[in-house]
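# Fold and contact review
These are the residues of each chain, in order.
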Amino acid sequence: MKNLAYITSKILFYSISTLLAFVMLFSILSFLELKLGMQIPFVEIIENRPKIHVPILGLRINVPLNYSILIMWTAMLYYAIYFYAFKNFLKVFVEKSMFETKSIKRLRLFLILNIVPVVYIIFFTASFLIKSVAIRFEDDYFIVLAHLVIAFLIYLYLDVFKRGKHIQEENDLTI
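None of these values were measured; they are calculated from a predicted model.

Turning to the packing of aromatic side chains, a few remarks are in order. Ring pairs (aromatic) are described by centroid distance and by the angle formed between their planes. Under the counting rule described, the total for this entry stands at 18 aromatic pairs. Seen in terms of ring centroids, tyrosine 82 and phenylalanine 110 are 5.1 Å apart; in terms of plane orientation they differ by 40 degrees. Their pairing is tilted. Of this pair, tyrosine 82 sits in helix H2 (residues 67-94) while phenylalanine 110 sits in helix H3 (residues 101-131); the two residues are 28 residues apart in sequence, bridging distant segments of the chain. Residue tyrosine 82 is classed as buried on the basis of its relative accessible area, which comes to 7%.

Right under this line is the structure:
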């Protein structure tokens, strides 16, 4: 079961990374075709809006060429790093020796990555409060709540691993 979880996390990491590379590449190519008039395969300009044609799936994807593309790139890059850390987190349970400094560092990185959305949503909400805009509880808040619960669980794992490392060091000293 541990190996299945680790393999699934590797698949998630490589899928998200491939999607990020695809989105970044074709959004840059869309920008070049729009501004320079270059003919780029799979990219067409309709009513001054770039569209990417994915022939395998038969999809036509609209590409926003404003600041929202940067937000999308940042979010996708965050989740590529997140799933890389998740993969390393699950790798801890597959390895022979669990209670090592390297394992604790992996857990700490994953904990920090789960706290980042919480900090983001606090600033996001504060900006709405400063502007006196009504706050709507949408999907963003529930995703952050999930990250908060995961961060709490990782914190507990981290404490167990620190204690396990301490006990293992004491055990290694007693011969």
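The geometry of H2 relative to H3 is characterised by a closest axis approach of 9 Å and an angle of 145 degrees between their N-to-C directions. Crossing handedness for the pair H2 and H3: left-handed. Across the interface between the two elements, Tyr78, Ile81, Tyr82, Ala85, Phe86, Asn88, Phe89, Lys91 and Val92 of H2 pack against Ser103, Arg106, Leu107, Leu109, Phe110, Leu113, Asn114, Val116 and Pro117 of H3.

Our focus in this paragraph is the pairing of strand E2 (residues 49-54). Residues of E2 alternate between two faces, with Pro50, Ile52 and Val54 buried on one and Arg49, Lys51 and His53 left unburied on the opposite face. As judged from the four bridges shared by strand E1 (residues 43-46) and E2, these two strands associate in the antiparallel manner. Note that in E2 the partner of isoleucine 45 across the bridge is proline 50. Here E2 runs beside strand E3 (residues 59-62); their pairing, made up of four bridges, is antiparallel. Counterpart to isoleucine 52 in the pairing with E3 is isoleucine 61. Hairpin connection between E2 and E3: a loop of four residues separates the two successive antiparallel strands, and glycine 58 in this loop has a positive phi of roughly 70 degrees.

Turning our eyes to something else, we now look at the environment of leucine 12. As for its position among the elements, leucine 12 is in helix H1 (residues 2-36). Spatially, the C-alpha atom of leucine 12 lies 12 Å from that of leucine 90, the residues being 78 residues apart in sequence.

Let us look at the sheet that holds E3. On the basis of which strands lie adjacent, the open sheet formed by three strands has the order E1-E2-E3 and antiparallel pairing. Each of the sheet's edge strands pairs with one partner strand only, and the pair in question is E1 and E3. For this sheet, the mean angle separating the axes of adjacent strands, direction not counted, is 35 degrees. Against the sheet, H1 contacts E1, E2 and E3, and its axis sits at roughly 50 degrees relative to E1.

Bringing H1 into the picture now. Over its 35 residues, H1 runs 51 Å from end to end, which matches the ideal 51 Å to within 8%, given 1.5 Å per residue. Of all the positions in H1, only Tyr6, Ser9, Phe13, Leu20, Val23, Phe26, Ser27, Ser30 and Glu33 are classed as buried. The inward-facing, buried residues of H1 contact E1, E2 and H2. Positive backbone phi, approximately 70 degrees, marks glycine 37, located one or two places after H1.

The rules behind the values
Residues numbered from 1 in each chain as written. Predicted model: local features only at pLDDT ≥ 70, side-chain atom pairs only at ≥ 80, totals over all residues. Heavy atoms only, no water. Phe/Tyr/Trp six-rings, centres within 6.5 Å; stacked < 30°, edge-to-face > 60°. Helix = DSSP H or I, 4+ residues; strand = E, 2+ residues; numbered from the N terminus. Buried < 20%, exposed > 50% of the residue type's maximum accessible area, 1.4 Å probe, protein only. Axes fitted to C-alpha atoms, helices over the stretch in contact; angles between N-to-C directions. Left-handed = near helix turned anticlockwise from the far one by under 90°. Contact = heavy atoms within 4.5 Å. Pairing = 2+ DSSP bridges. Expected span 1.5 Å × (residues − 1).

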